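# Structural description and commentary
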Amino acid sequence: MQIRNETSNNEAGIIFTGCSVAAAMQPQQQQQAQAQAQTASRRREVMVSGRRVKTIDVHAHCVVPKAMALMGRSPGGNESRGPGISEVGMRRIGEMDEQGIDVEAISINPFWYKAERDLVEEVIKVNNETLTEWCAAHPDRFLGFASVALQFPDLAVQQLEHAIRKLHMCGVAVGASVAGYEFSDSKFHPFWAKCEELGILIFIHPQSTPDLAPRLKGNGWLANTIGNPLDTTIALSHLIFEGTLDRFPGLKICSAHGGGFLPSYAPRSDNCLRVAPDMDTGVKLKKKPTEYLRQMYYDTLVFTSEALRHLAAEVGVNQLVIGTDHPIPWEDKSVDHILNAPGFTDDERRAMLGETAAKLLGIKL
Ligand SMILES: [Zn+2]
């Protein structure tokens, strides 16, 4: 007997429950099959003008407890902020189904940039192998971004090559700076060259701005509220102004949180050296600073229709992809945010919901 769940697509909705199959199942397998059937029944299928769209989230988190333990850390704070962050399985799929998210490209925020070489080699190995294994159990729902030890760029190059070519991970996740060094520092050039050669997506996720910690104390969680978007803004500004994006024009960079504050106030970057030519260090850019914004990608985690409209106006609608921050509960209406924002065409909505991310991550539609 074959049951096709009415609310599900071909990919995930067919469950075999023939008597002989059921009889052969162990209780645990039966439980899992039931859980899958229940989950499938709640799955929200996103349509645009009557056409099913595969929705892809590029900004979803997890942690690997075993890798954290190597550095004497536990998932504690991550778990309390994002329940289920240590799991990549049915719980996560159930939540994605409710939100209408078909695929998550999962990343692990770097906490290892100050670790010694031997230790960080092990941390990255555990992260990448574990995330790959977790994703492989549900290949139609999860992809994993590679972790790399960017404080040792030569090692990061090797780790990246292994993660992409052998583990088939979907791209690489990085912070917004590396133990006090900006991404534009020449020591990272070999790493950007490798990313460009592999043609992979680089997902930048900020880590607050530690230098400003004393000013970000107090009410409002300013270390995140302001610190995170500012961290991304600084990272992208250096990549632009130091000529890194001219040197590596093929880089595919996607930033969390709509690129932080940079797209909100982009034209200031075009006017700074006109006002203060004495601050020009001699880097000759090939384009106006704001033009570089249009060759990068950004998630849509900006909360309001007006913010999304402005982001699209500054960077181009085809540069936008869904970011939920799941399971950290910043936004559980990412799909509606895109479907309901006025002023976009159906093609543009489909691009933001999944088509652009599919191209960047090599997902078949
Ligand atoms: Zn995040």
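These figures come from a predicted structure and were not determined experimentally. (Residues numbered from 1 in each chain as written. Predicted model: local features only at pLDDT ≥ 70, side-chain atom pairs only at ≥ 80, totals over all residues.)

Turning our attention to the overall build of the chain. In terms of regular secondary structure, the chain is built from 17 helices and twelve strands. The proportion of buried residues among the 365 residues of the chain is 42%. A fraction of 74% describes how many contacts in the chain between residues 6 or more apart in sequence connect residues 24 or more apart. (Helix = DSSP H or I, 4+ residues; strand = E, 2+ residues; numbered from the N terminus. Buried ≥ 20, exposed ≤ 12 C-beta atoms within 10 Å, placed from the backbone. Contact = placed C-beta atoms within 7 Å.)

Moving on, we come to helix α9 (residues 189–198). Residues three or four positions apart in an α-helix share a direction because the helix packs 3.6 residues into each turn. When α9 is considered as a whole, its buried residues turn out to be Phe191, Trp192 and Cys195. Buried residues of α9, seen end-on, are gathered within an arc of 95° and therefore sit on one face of the element. Where α9 is buried, its residues meet α8 (153–165), β8 (171–174), β9 (201–204) and α12 (244–247). In the segment just after α9, Gly199 is the residue with positive phi, at about 70°. (Arc of directions from axis to C-beta.)

Strands sit in the order β5-β6-β7-β8-β9-β10-β11-β12 across an open sheet of eight strands; the sheet is parallel. Pairing within the sheet leaves two strands with one partner each, and these edge strands are β5 (56–61) and β12 (320–321). Bridge count between strand β6 (residues 103–107) and strand β7 (residues 142–146): three bridges; the pairing is parallel. The residue of β7 that forms the bridge with Ala105 is Leu143. Sheet strands touched by helix α7 (residues 117–136): β6 and β7. Its angle to β7, the strand with the most contacts, is close to 170°. (Pairing = 2+ DSSP bridges. Axes fitted to C-alpha atoms, helices over the stretch in contact; angles between N-to-C directions.)

Moving on: helix α6 (residues 90–99). Within the sequence span of α6, burial applies to Arg92, Ile93, Glu95, Met96, Asp97 and Gln99. Downstream of α6 by a residue or two, Gly100 has a phi angle that is positive, lying close to 80°.

For the chain, per-residue confidence averages 91 on the pLDDT scale, and residues scoring 70 or more make up 89% of the total. Scored below 50 in pLDDT, residues 1–25 shows 31 contacts in the model against residues more than four places distant or in partner chains. (pLDDT = per-residue confidence, 0-100.)

Within β7, five of the five residues are buried, which leaves the element mostly enclosed by the surrounding structure. Both faces of β7 are covered, namely the face carrying Phe142, Gly144 and Ala146 and the face carrying Leu143 and Phe145. As a crossover connection, the stretch from β6 through α7 into β7 is right-handed. Sheet topology note: the β7/β8 ladder contains two bridges and is parallel. By the bridge assignment for β8, Phe145 is matched with Gly171. Traced from β7 through α8 to β8, the parallel crossover comes out right-handed. (Right-handed = clockwise from strand over helix to strand, strands pointing away.)

Turning next to the packing of α8 against α9. In the contact formed by α8 and α9, the axes pass within 9 Å of each other and the chain directions differ by 15°. The pairing of α8 with α9 is recorded here as roughly parallel in orientation. Crossing of α8 against α9: the hand is right-handed. Only Pro190, Phe191, Lys194 and Leu198 of α9 make contact with α8, whose side of the interface consists of Pro153, Asp154, Ala156, Val157, Leu160, Glu161 and Ile164. (Parallel < 35°, antiparallel > 145°, perpendicular 65-115°, else oblique. Left-handed = near helix turned anticlockwise from the far one by under 90°.)

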